[in-house]
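Structural overview
Below, each chain spelled out in residue letters.
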Amino acid sequence: MAKEFHTRDGKLYCEDVAAEALVAAHGTPLYVYSRAAILERYREFDGAFAPLDRLIAYSVKANGNLSLLRLLARGGAGADIVSGGELHRACLAGVPPERIVFSGVGKTVAELAAALEAGIYGFNVESEGELRALAELGAALGKPAPVALRINPDIESPTPHHYTRTGHLTTKFGIPSEDALRLYELAASTPGLRVRGIDVHIGSQILEVEPYRQALLHVLVLVDELRARGIALEYLDLGGGFGVSYDDGGAAPVAADFAEALVPHLAVSGLKLVLEPGRYLVASAGLLLTRVLYVKEMGGKRFVITDAGMNDLLRPSHYAGYHHVEPVQRHGGRPVVRSDVVGPICETGDFLALDRALEAAREGELLAIRTVGAYGFSMASTYNARPRPAEVLVEGGSVRLIRRRETYDDLIRGEAELLD
Ligand SMILES: *Cc1c(COP(=O)(O)O)cnc(C)c1O
């Protein structure tokens, strides 16, 4: 966890603000982010690749809050988007369009057109059909579409869950290498397209450097083959997926480790480097605060029932994602009890932590769920008609509400009038 979350006199703080004070002002469940932690991660990541001409395109889907996007944009980051909605967010937050790349296997024509008109840096194209759609738009708008083909390197990337592996031919992502040369030649000879780069993204929460090196070497072979055919590229996008430590015990590689393995190859290629980190920049900068509603013993188990559930934080039930759980107020001498921390939702899959050694939780007390800055709020839903949580950003001793808690009116907005 980021050092910005720490304990003073047995109480949990974010920077200089006590978690209890945040809850007193904004209630629970509450997402809390440290501004300093986000900026520090960004500077560390960007700095590691400083020897290269580079674009660090923050993956908006990890956490698309406008204030966080603006914070990163002001720090120099671009954006990696996967939808028209994310394009809207990134532009509103002030990310310059020439720092935006557009990824995703199923972009609609309307989304492609909006991004082309906005003047984004590049489209990471995932199929021949998408390439043709872009060619038509580029011709119709009189503005050639800047493209990179997303190559599927057929690499088995070691991610904790198979849902987050994207570099293998059995997944839906990218274009097989054997089709790449033909499609690049097609693109290079099509007036509505401008061949600009090459792209690869192998998965998420990857804790090893080697798969990136493999993916890079794989696409560099294609870069050379293209050059030999007179197609010169300007950039190489190595995607995101850089893993973080969720339990403080693991030795997650840091940006410098990735850079050490990758920079020498890239420097030789002369290409600009694009990276799309999401989780790496924001995961450890976020906490979810929740209140214990009830505690009960059943079937030889202790259940700690909190006011945050799978609608607020989906990772545990969707990916078996691990999050450290701790009391906001430490009480010395409490017994440690194995507990399931579960939410109020009517699903057995609604849990935040299973079979966890926890200081025996009391009804009414506050718990903190760590490392939720990425894929926390962005995957939240209103399932069970539960308004989504508020989000606050802490800077030193000051707190900004960067998204108010949803209301019941928010939940029904847009629904048709009741029929008699
Ligand atoms: C999700 C995604 C990312 C970001 O992944 P992280 O694991 O958050 O770094 C980057 N690029 C693409 C294409 C993605 O789908």
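The structure reproduced in this document is the subject of the present report. Since the model is a prediction, treat every value here as computed from it, not as a measurement.

**Thoughts on the nonpolar core**
Val32, Phe123, Leu236 and Leu289 are the most contacted members of the largest nonpolar core, which has 123 residues in total. With eight residues, helix α8 (residues 210-228) is the largest single contributor of residues to this core. Looking at which domains feed residues into this core, each of domain 1 (5-33 + 283-412) and domain 2 (104-275) gives three or more. The contact partners of Val32, leaving out residues within four places of it in the chain, are Phe5, Cys14, Leu22, Ala285, Gly286, Leu287, Leu289, Val392 and Val394. In terms of nonpolar packing, the next biggest core, distinct from the first, is built from seven residues, Leu55, Ala57, Val101 and Tyr121 among them.

**Topic: the sheet that holds strand β3 (residues 17-18)**
What the three strands build is an open sheet, ordered β1-β2-β3; its pairing is antiparallel. Each of the sheet's edge strands pairs with one partner strand only, and the pair in question is β1 (5-8) and β3. Relative to strand β2 (residues 11-14), β1 runs antiparallel, the two sharing four bridges. Within the sheet, the bridge partner assigned to Thr7 lies in β2 and is Leu12.

**Brief notes about the environment of Leu181**
Looking at the element boundaries, Leu181 is found in helix α7 (residues 177-188). You can call Leu181 buried: its relative accessible area is 14%. As for Leu181 and Leu222, which are separated by 41 residues in sequence, their C-alpha atoms are 7.7 Å apart. Non-local contacts of Leu181, meaning those with residues more than four positions away in its chain, are made with Leu222, Glu225, Leu226 and Arg229.

**What about the site of the ligand?**
In the vicinity of the ligand, 15 residues are found, and the nearest of them are Lys61, Ser204, Gly241, Glu276 and Tyr375. In this structure, Lys61 approaches the ligand through a side-chain N or O atom, which is 2.7 Å from an oxygen atom. At 2.4 Å, a side-chain N or O of Ser204 approaches an oxygen atom of the ligand. Alone, the ligand offers 380 Å² of accessible surface; in the complex the protein occludes 93% of this. A class-by-class count of the residues in the shell around the ligand yields two nonpolar, eight polar and five charged.

**Focus: the packing of helix α3 (residues 66-74) against helix α4 (residues 84-92)**
The geometry of α3 relative to α4 is characterised by a closest axis approach of 8 Å and an angle of 60 degrees between their N-to-C directions. As judged from the angle between their axes, α3 and α4 are oblique. Crossing angle aside, the handedness with which α3 passes α4 is right-handed. Facing Leu66, Leu69 and Arg70 of α3, the residues of α4 in contact are Arg89, Ala90 and Leu92. Of the residues that constitute the contact of α3 with α4, the class distribution is four nonpolar, no polar and two charged.

**Here we look at the packing of helix α5 (residues 109-118) against helix α6 (residues 128-141)**
The contact between α5 and α6 brings their axes to 10 Å, and the two run at 50 degrees. Relative to α6, α5 is oriented oblique. Once α5 is placed against α6, the crossing between them reads as right-handed. Across from Val109, Leu112, Ala113, Leu116 and Glu117 in α5, the residues of α6 making contact are Glu130, Ala133, Leu134, Leu137, Gly138 and Leu141.

**Quick word on α8**
In a regular helix each residue adds 1.5 Å, so 19 residues correspond to 27 Å; α8 covers 27 Å between its end C-alpha atoms and thus fits that length. Buried residues of α8: Pro211, Tyr212, Ala215, Leu216, Val219, Leu220, Leu222, Val223 and Leu226, and no others. Projected down its long axis, α8 shows its buried positions confined to an angular sector of 165 degrees, all on one face. Looking at the packing, one finds that the buried side of α8 touches β9 (145-152), α7, β11 (193-199), β12 (235-237) and α9 (255-269). Directly after α8, the chain includes Gly230, whose backbone phi takes a positive value near 85 degrees.

The rules behind the values
Residues numbered from 1 in each chain as written. Predicted model: local features only at pLDDT ≥ 70, side-chain atom pairs only at ≥ 80, totals over all residues. Heavy atoms only, no water. Core = buried A, V, L, I, M, F, W, Y, C linked by side-chain atoms within 4.5 Å. Buried < 20%, exposed > 50% of the residue type's maximum accessible area, 1.4 Å probe, protein only. Helix = DSSP H or I, 4+ residues; strand = E, 2+ residues; numbered from the N terminus. Domains from an automatic or database assignment. Contact = heavy atoms within 4.5 Å. Pairing = 2+ DSSP bridges. Near = heavy atom within 4 Å. Polar contact = N/O pair within 3.5 Å; in protein donor to acceptor, adjacent residues only side chain to side chain. Areas by Shrake-Rupley, 256 points an atom, 1.4 Å probe, with all protein chains shown as cover. Nonpolar A, V, L, I, M, F, W, Y, C, P; charged D, E, K, R; others polar. Axes fitted to C-alpha atoms, helices over the stretch in contact; angles between N-to-C directions. Parallel < 35°, antiparallel > 145°, perpendicular 65-115°, else oblique. Left-handed = near helix turned anticlockwise from the far one by under 90°. Expected span 1.5 Å × (residues − 1). Arc of directions from axis to C-beta.

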